Structures are given as C-alpha cells and as structure tokens.
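Residues per chain are reported as follows:
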Amino acid sequence: MADLIGKVALVTGGSRGIGAAIAKRLAREGADVALTYVSSAKGASAVVAAIEANGRRALAIAADSADPQAVAAAVERTVAEFGRIDILVNNAGIFPYEPLEAVTLDSFDRTMAIHVRAAFVAAQAAARHMGTGGRIINIGSCLADRTGGPNMTVYAASKAALTGLSKGLAQDLGPRGITANVVHPGPTDTDMNPAQAEGADLQRQGLPLGRFGDADDVAATVAHLAGQGGRFITGAAIAVDGGFAA
Ligand code: NDP
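Residues numbered from 1 in each chain as written. Predicted model: local features only at pLDDT ≥ 70, side-chain atom pairs only at ≥ 80, totals over all residues. Heavy atoms only, no water.

### Comments concerning the site of the ligand
Then step 1. By nearness alone, 31 residues border the ligand, and Ser-15, Ser-39, Ser-40, Tyr-155 and Thr-190 come closest of all.
Then step 2. For the ligand, an oxygen atom lies 2.6 Å from a polar atom in the side chain of Ser-15.
Then step 3. The separation between an oxygen atom of the ligand and a polar main-chain atom of Asn-91 is 2.7 Å.
Then step 4. Protein coverage of the free-state accessible area of the ligand, which is 890 Å², stands at 95%.
Then step 5. Mapped onto the shell around the ligand, the elements with two or more residues apiece are helix H1 (17–28) and helix H5 (153–173).
Then step 6. Here the residues of the shell around the ligand are counted per class, giving 12 nonpolar, 15 polar and four charged. (Near = heavy atom within 4 Å. Polar contact = N/O pair within 3.5 Å; in protein donor to acceptor, adjacent residues only side chain to side chain. Areas by Shrake-Rupley, 256 points an atom, 1.4 Å probe, with all protein chains shown as cover. Helix = DSSP H or I, 4+ residues; strand = E, 2+ residues; numbered from the N terminus. Nonpolar A, V, L, I, M, F, W, Y, C, P; charged D, E, K, R; others polar.)

Here is the structure:
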C-alpha cells in the first residue's frame, strides 16, 4: 500500500466529494498531494490536515478551473512547492441541469471551460514537468456515453469530450512513458448527487448493483491507475458506475 512513495499528485477540486477521496487515497498510497478548490477553503484545509496527519505533505491552492491562468499556475505552484509532478487528476466539476431552451452561451462556455479547457490546460502544463511514469487521470461521467434523460446535454457533451482528450493525450504522451485515461463514475453519493435526494431512487433503479457508489469506489480505481498496476493502461475509458452503462 505504498506504491506512490516519492510521487507528487495534483487533484483539481479536491476539497469535497470524489476529489477529496482521491486526494486522501493517493496520500495513503504515499504521494504528496496538492489540491485545488474554488469556494470551500475550509473543506480544502480539512483534506490537507487529514493528509498531513497521515505523514504526507499537502497543499491547498485556490484556483478557479474556469480561469485557465489559475489552472496553469496551480500546476506550477505544485512543482515549485514539491519539486515535481507525477500524477494529475482533473476532477473539478459542476452539474448544470437545464432544459435545452434555458441553456445560455455563458453557461455552455463555463461548463466547457471547467470540464474540458481546464483539463487540457492542466495536462499541457503538467506534461512539461512529467517524466516516465507520469499519469493523467480525467474524471468524466457515466452520462458521457448514455445520458439517460433530458436536461444534461451540455454536461454530457463536456464529459464525452474528456474521452477524446484522454485518448489524444495517450497518443501524444505515450512515447514519453506517460499514461492518460478517463474514469467515468456513475451516481456517487456527494454534495453534487446525494444518495438521499429526490430522484435518487430513480438513479438506483438504473443500476444493476442497486446502490449509489461511494467516493472511495472512484478513488480506488484512480489509485490503481496512478500506481504500478496502471503502467500499461492508457487511452482507456473506465467505468466505475455500478453497471449504469450495462
Ligand atoms: P462535488 O460537488 O461534491 O465537489 C466538486 C468539487 O469540485 C469541489 O471540490 C469543488 O470545489 C470543485 N469545483 C467545482 N467547481 C470548481 C471550479 N470552478 N474550480 C475549481 N474547483 C471547482 O462533486 P463530486 O465530487 O460529485 O464530483 C467530482 C467530479 O465527478 C466532477 O467532475 C463530476 O462531474 C464527476 N461526477 C460525479 C458524479 C456523482 O454522481 N457525484 C457522477 C459522475 C461524475 P469547492 O469545494 O471549492 O466548491
């Protein structure tokens, strides 16, 4: 369980939910971890404290993923503080749930900026510093392949773009020994999608396993990809979705 000793990770949106679980899991595997947040300074500090209590270094960086300069600066700050970057997890996300007629260009652009442009900018910046063994892991969504309902056109499009982004990065960076993959979570119990909210039962009915995922379920797959077990996996889209896509 110490696959990642000596490695440095950056997790975007690491203050809550899936990103917080990923940050803590990578630290348990031995990595020093930087994480970004946009509004939850307290949540970010709590994750940092948990990681430090575990004996690893951690750093919270306020960086709005909608701002490409802030994203690139977060990568540089990680390298400046920890001396390297080996693992990038593009996780920060929002969930615009809007009838088609209500979608504005601003909301379209913001979703694409946070999910797609930020992931590209961070990957490009991180790749400049990564050596052999580098890992880029993008957090997509099960809705990328099967939307399952209305009002999620832009969200689904932005998450589907991460599959293409990951495959392109796998081609561009494979010759340097760097892998790139996308993990598509299914319904996962977080602030974004609480397991007890209205509508949650409908989601459960669509899952062969009959329950919401836990953020740790996603973190376990990310840790596998980040470690030795992931060294021959690249350009892959991996579902951690309780069978949503089945
Ligand atoms: P949460 O809403 O629980 O947490 C979102 C995280 O992203 C927080 O850390 C938040 O920071 C951060 N974030 C949001 N907007 C920005 C921004 N503009 N800049 C920087 N950070 C930002 O969501 P989840 O943990 O559920 O989701 C994590 C990822 O997983 C997302 O990409 C989501 O699309 C994806 N996903 C989630 C599913 C689910 O059922 N939960 C299913 C499929 C995919 P802060 O705390 O500061 O606001």
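### With respect to the packing of H1 against helix H2 (residues 41–53)
Then step 1. The contact between H1 and H2 brings their axes to 9 Å, and the two run at 15 degrees. With respect to H2, the element H1 is oriented roughly parallel. Pair H1 / H2 crosses with right-handed handedness. Within the contact between the two elements, H1 uses Ala-20, Ala-23, Lys-24 and Ala-27 and H2 uses Val-47, Ala-50 and Ile-51.
Then step 2. A per-class count over the contact of H1 with H2 returns six nonpolar, no polar and one charged. (Axes fitted to C-alpha atoms, helices over the stretch in contact; angles between N-to-C directions. Parallel < 35°, antiparallel > 145°, perpendicular 65-115°, else oblique. Left-handed = near helix turned anticlockwise from the far one by under 90°. Contact = heavy atoms within 4.5 Å.)

### A few points about the confidence of the model for the chain
Atom-level detail of predicted coordinates should not be read off regions where pLDDT is low.
Then step 1. Residues of the chain with pLDDT of at least 70 account for 100%, and the chain-wide mean is 98.
Then step 2. This complex was scored by the predictor with a pTM of 0.99 and an ipTM of 0.99. (pLDDT = per-residue confidence, 0-100.)

### Some remarks on a nonpolar patch on the surface
Then step 1. Judged by side-chain polarity, Phe-95, Tyr-97 and Met-192 come together as a nonpolar surface patch covering roughly 300 Å² of accessible area.
Then step 2. Mapping Met-192 onto the fold places it in the loop between strand S6 (179–185) and helix H6 (200–205).
Then step 3. For Met-192, a relative accessible area of 42% translates into the label partly exposed. (Patch = residues over 30% accessible without salt bridge, like charges linked within 9 Å, V, L, I, M, F, W, Y side chains within 5 Å. Salt bridge = Lys/Arg side-chain N within 4 Å of Asp/Glu carboxyl O. Buried < 20%, exposed > 50% of the residue type's maximum accessible area, 1.4 Å probe, protein only.)

### Things to note about unusual backbone geometry
Then step 1. Although it is not a glycine, Asn-151 adopts a positive phi angle of roughly 75 degrees.
Then step 2. Following the sequence through the fold, Asn-151 ends up in the loop between strand S5 (135–139) and H5.
Then step 3. On the basis of relative accessible area, Asn-151 is assigned to the partly exposed category, the value being 24%.

### Brief notes about the side chain of Thr-179
Then step 1. Within the secondary structure, Thr-179 is located in strand S6.
Then step 2. Contact partners of Thr-179, with chain neighbours within four places excluded, come to Gly-134, Arg-135, Ile-136, Gly-230, Arg-231, Ile-233 and Thr-234.

### Topic: the pattern of salt bridges
Then step 1. Enumeration according to the criterion identifies seven salt bridges in this entry.
Then step 2. A salt bridge links Asp-86 to Arg-84; its shortest N-O distance comes to 2.7 Å.
Then step 3. With a relative accessible area of 7%, Asp-86 lands in the buried category.
Then step 4. You can call Arg-84 partly exposed: its relative accessible area is 38%.
Then step 5. Measuring nitrogen to oxygen at the nearest pair gives 2.9 Å for the salt bridge that ties Arg-204 to Asp-201. Here Arg-204 pairs with Asp-201, and both are found in helix H6, just three residues apart, close to one helical turn.

### A few points about the UniProt feature "domain: Ketoreductase" (unreviewed entry) in the chain
Then step 1. Per the UniProt record, "domain: Ketoreductase" (unreviewed entry) is found at residues 7–190.
Then step 2. Segment residues 7–190 splits into 46% helix and 17% strand. End C-alpha atoms: 27 Å apart. (UniProt positions renumbered as here; feature names shortened; annotations may be inferred.)

### A word on empty space enclosed by the protein
Then step 1. In this structure the tally under the stated criterion is two cavities of 30 Å³ or more.
Then step 2. Its volume calculated, the largest cavity comes out at about 80 Å³.
Then step 3. As for the largest cavity, its lining consists of 13 residues, and the residues nearest its centre are Thr-12, Asn-90, Asn-91, Ala-92 and Ile-114.
Then step 4. Elements that contribute at least two residues to the lining of the largest cavity include exactly helix H4 (105–127) and H5.
Then step 5. Among the elements that line the lining of the largest cavity, the one with the most residues is H4, at four residues.
Then step 6. Residues that form the lining of the largest cavity fall into these classes: seven nonpolar, five polar and one charged.
Then step 7. Looking at the second largest cavity, its volume works out to about 30 Å³.
Then step 8. Lining the second largest cavity, in full, are Leu-10, Thr-12, Thr-36, Ala-63, Asp-64, Ser-65, Val-71 and Ala-74.
Then step 9. Class assignment of the residues belonging to the lining of the second largest cavity gives a composition of four nonpolar, three polar and one charged. (1 Å grid on protein atoms, 1.4 Å probe; cavity = no way out; pocket = protein on both sides within 12 Å on 5 of 7 lines; lining within 4 Å. Points joined across faces, edges and corners; volume = space filled by probe spheres on them.)

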